[in-house]
Amino acid sequence: MTCYDRQDLGLLLLRLGTGGVLAAHGSQKLFGWFGGGGIEGTGAAMEAMGYSPGRQSATMAGLAEAGGGALLALGLATPAAGAAAAGAMAGAAAVSAPNGFFAAAGGYEYAASLALTAAGLAVTGPGRISLDHALGHAVNRNWMVPVALAVTGAATAVVVGMRNRRVRESASAEFGQKTLFDEAEALFGR
């Protein structure tokens with residue numbers, strides 16, 4: 001009989017809590033559960049946040065959150081699951097970053113906490129109370145951790161970079177239109 005230690009129990013709690021929250025968030029995006037917008041509503045919101053195309057962005061974010069969260073909770077394919085969830089949360093943090101750190105002001109605190117916990121689980125591993133352990137760590141090899149984090153990090157950097165460029169271009173276009181309107185108003189009066 002195996003005797004589990006505090007580390008195994010702690011990792012189980014972290015996996016269940018973080019994975020459950022992420023799976024619920026992803027379910028909001030994918031299925032509209034728990035008051036979420038589903039693919040259509042989330043797609044429109046993603047488009048408004050600068051993630052384009054919105055529907056595809058909603059699908060990818062939902063899969064990363066729901067799939068990564070469910071796999072983290074189960075302790076299966078932990079490197080890939082943690083990396084996927086961390087990447088999705090980095091994308092969410094990018095949207096909230098202009099509001100500062102604290103969630104009370106609309107900041108990225110919550111998304112960053114989930115991202116760091118998911119990445120930490122990817123690095124640490126799931127513990128012995130996990131499907132990875134039960135399956136002999138077939139999809140939880142040491143080499144998988146840096147590969148999963150590097151690939152996800154690169155993909156996230158590209159997606160967030162493209163989103164930030166769109167937001168800057170949109171803001172610049174709005175500013176340009178406002179400037180033209182102000183100049184026209186100054187010339188022709190109201």
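These figures come from a predicted structure and were not determined experimentally.

About the criteria used
- Residues numbered from 1 in each chain as written.
- Predicted model: local features only at pLDDT ≥ 70, side-chain atom pairs only at ≥ 80, totals over all residues.
- Heavy atoms only, no water.
- Helix = DSSP H or I, 4+ residues; strand = E, 2+ residues; numbered from the N terminus.
- Rg over C-alpha atoms; globule rule 2.2 N^0.38 Å.
- Contact = heavy atoms within 4.5 Å.
- Areas by Shrake-Rupley, 256 points an atom, 1.4 Å probe, with all protein chains shown as cover.
- Lys, Arg positive; Asp, Glu negative; His and termini not counted.
- Charge placed at Lys NZ, Arg CZ, Asp CG, Glu CD.
- Core = buried A, V, L, I, M, F, W, Y, C linked by side-chain atoms within 4.5 Å.
- Buried < 20%, exposed > 50% of the residue type's maximum accessible area, 1.4 Å probe, protein only.
- Phe/Tyr/Trp six-rings, centres within 6.5 Å; stacked < 30°, edge-to-face > 60°.

Could you give an account of the overall build of the chain, with specific residues and numbers?
When its secondary structure is counted, the chain shows seven helices and zero strands. From first element to last, N terminus to C terminus, the chain shows the α and β order α-α-α-α-α-α-α. A compact globule built from 190 residues should have a C-alpha radius of gyration of about 16 Å, whereas the chain, at 20 Å, is more than 25% larger. On the principal axes, the C-alpha backbone points of the chain span a range of 85 × 35 × 30 Å. Of all intrachain contacts in the chain linking residues separated by at least 6 positions in sequence, the fraction that spans at least 24 positions is 66%. Surface summary for the chain: the accessible area is close to 10,700 Å², and the carbon and sulfur share equals 68%. Treating the 12 positive side-chain charges of the chain as one cloud and the 12 negative ones as another, the clouds have centres 6 Å apart.

Go over the environment of arginine 168, please, and point to the residues and values.
By the secondary structure assignment, arginine 168 is in helix H7 (residues 144–188). In sequence terms arginine 168 and glycine 50 are 118 residues apart; their C-alpha atoms lie 9.4 Å from each other.

If you had to explain the side chain of glutamate 65 to someone new, which residues and values would you point to?
The topology assignment puts glutamate 65 in helix H3 (residues 54–74). Sequence-distant contacts of glutamate 65, defined by excluding residues within four places in its chain, comprise Leu22, Ala23, His25, Gly26, Lys29, Ala70, Ala88 and Met89.

So, the nonpolar core: which residues are in play, and what are the values?
In terms of nonpolar packing, the biggest core is built from 13 residues, with Leu22, Leu72, Ala85, Met89 and Ala118 touching the most fellow members. Of all the elements in the fold, those that place two or more residues in this core are helix H1 (6–31), helix H4 (78–96) and helix H5 (109–124). Ignoring sequence-local partners within four residues, the contact set of alanine 85 consists of Leu22, Ala64, Leu72 and Ala118. Of all hydrophobic cores here, the second largest spans six residues; its members include Met46, Tyr51, Ala58 and Ala61.

Let's hear about the packing of aromatic side chains: which residues, and what values?
All told, the structure shown has four aromatic pairs when counted by the stated rule. The interplanar angle of 80° and the centroid separation of 5.1 Å between the aromatic rings of phenylalanine 101 and phenylalanine 102 together place this pair among those described as edge-to-face. On the accessibility criterion, phenylalanine 101 (38% relative accessible area) is partly exposed. Assessed through its relative accessible area of 55%, phenylalanine 102 is described here as exposed. Chaining the aromatic ring pairs together yields one cluster made of Phe31, Trp33 and Phe34.

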